[in-house]
Amino acid sequence: EGFGFQWLGGIRYTNLDENFNIHGTYDGGAAVADRTTDINSAVINNFYGPEAGARLSVNTRWFTLSATPRVMLGLNDYTSRVSSDPLGTGRTSYDSRKVDFGSITQLNFAAEVHLNTKFSVFAGYDFMWIPRVSRPHENIYYNSIAGGAAGFTPDIRQSVNFSNYSANGFSVGATFRY
């Protein structure tokens, strides 16, 4: 019972896979046949590296409260792909694979009520923040240029961009000790 403190350390791997697809049809009316555009963008972010943190807790016979901050400083091995077939003019694909610096910051708060020595119920909140994540909807570069007769020449490419990513959530459950 009382206040508790534990150092935490280890290796972390986090995978974030995302796909973004667009399917559209240009209705040319009676004068021109309908034309379809498909755009597919996919990114796989693989974060890995050493992680360090600490767990601060208050323990009593009846309850336990804890906070666990931790940070991973490592690498983001990401692969991104954009493929398109604008207005049926032919499919093009652009691929990119790089390894870059990556970090993950995570904070967990938990409360546990000990109903007896063998059974407890708990609730918690978890927040995770990852800067510099490649996202598929941000990697599509629309480079279409004006053409003759009020038309345009479609040109859809890839331009890898980064943004911040965060996830959070609540958890509830029970622990049975035997």
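Everything that follows concerns the structure shown earlier in this document.
Throughout this description, residue numbers start from 1 for each chain and increase along the sequence as written. Under the rules for a predicted model, residues below a pLDDT of 70 receive no local features and side-chain atom pairs below 80 are neither given nor counted, while totals for whole chains, interfaces and linings still include all residues. As a convention, hydrogens and water are excluded, and side-chain values are obtained from all of the structure's heavy atoms.

A. Examining the sheet that holds strand β1 (residues 2-26) more closely. Pairing is antiparallel in the open sheet, where six strands are placed in the order β1-β2-β3-β4-β5-β10. Of all the strands in the sheet, just β1 and β10 (162-176) have a single pairing partner and so form its edges. The average angle at which neighbouring strand axes cross in this sheet is 15°, direction not considered. At least two bridges found by DSSP between two strands are what make those strands a pair. In this description a helix means any DSSP run of H or I spanning at least four residues, a strand means any run of E spanning at least two, and both kinds are numbered starting from the N terminus. Angles shown run from 0 to 180 degrees and are taken between the N-to-C directions of axes, each axis being a line fitted to C-alpha atoms and, for helices, limited to the stretch in contact.

B. View of the nonpolar core. We call a set of buried Ala, Val, Leu, Ile, Met, Phe, Trp, Tyr and Cys residues a nonpolar core when their side-chain atoms join them within 4.5 Å. We call a residue buried when its accessible area falls under 20% of the maximum for its residue type, exposed when it is over 50%, and partly exposed in between, using a 1.4 Å probe and counting protein chains only. In this structure, Leu16, Phe47, Met72, Ile104, Met128, Ile130 and Val133 together form the largest nonpolar core, which totals seven residues. At three residues, strand β5 (residues 119-134) tops the list of elements feeding residues into this core. We call two residues in contact when some of their heavy atoms are within 4.5 Å. The contacts of Ile130, once residues within four sequence positions are left out, are Phe47, Ser103, Ile104, Ser163, Asn164 and Tyr165.

C. Spatial organisation of the pattern of salt bridges. A carboxyl oxygen of Asp or Glu within 4 Å of a side-chain nitrogen of Lys or Arg is what we treat as a salt bridge. A complete count under the given rule lists eight salt bridges for this structure. With a closest N to O distance of 2.9 Å, Asp95 and Arg81 form a salt bridge. In this pair, Asp95 sits in strand β4 (residues 92-114) while Arg81 sits in strand β3 (residues 63-85), placing the two residues 14 residues apart along the sequence. Residue class for Asp95 comes out exposed when judged on its relative accessible area of 53%.

D. Highlighting the side chain of Ser120. Along the chain, Ser120 turns up in strand β5. Throughout this description, a polar contact denotes any pair of N or O atoms lying within 3.5 Å of each other; where both atoms belong to protein, one of them has to be capable of donating a hydrogen while the other can accept it, and for residues adjacent in sequence the pair is counted only when both atoms sit in side chains. Of note is the side chain of Ser120, whose polar atom sits 3.1 Å from the side chain of Arg177. When near neighbours in sequence (up to four residues on either side) are disregarded, Ser120 contacts Glu112, Val113, His114, Leu115, Gly173, Ala174, Thr175 and Arg177.

E. Region of the structure containing the packing of aromatic side chains. Any Phe, Tyr or Trp ring, taking Trp's six-membered ring, that has another such ring centre within 6.5 Å forms a pair; planes under 30 degrees apart are called stacked, those over 60 apart edge-to-face, and the others tilted. In total, this model carries three aromatic pairs according to the counting rule given. Taking 5.4 Å as the distance between ring centres and 85° as the angle between the ring planes, the aromatic pair formed by Tyr78 and Phe162 counts as edge-to-face. Placement of the pair is Tyr78 in strand β3 and Phe162 in strand β10, with a sequence separation of 84 residues. As a reminder, the over-ring test applies to NZ of lysine and CZ of arginine, requiring each to be within 6 Å of the ring centre and within 35 degrees of the ring normal. Over the ring of Phe162 we find Arg132, and its NZ or CZ is 4.1 Å from the ring centre.

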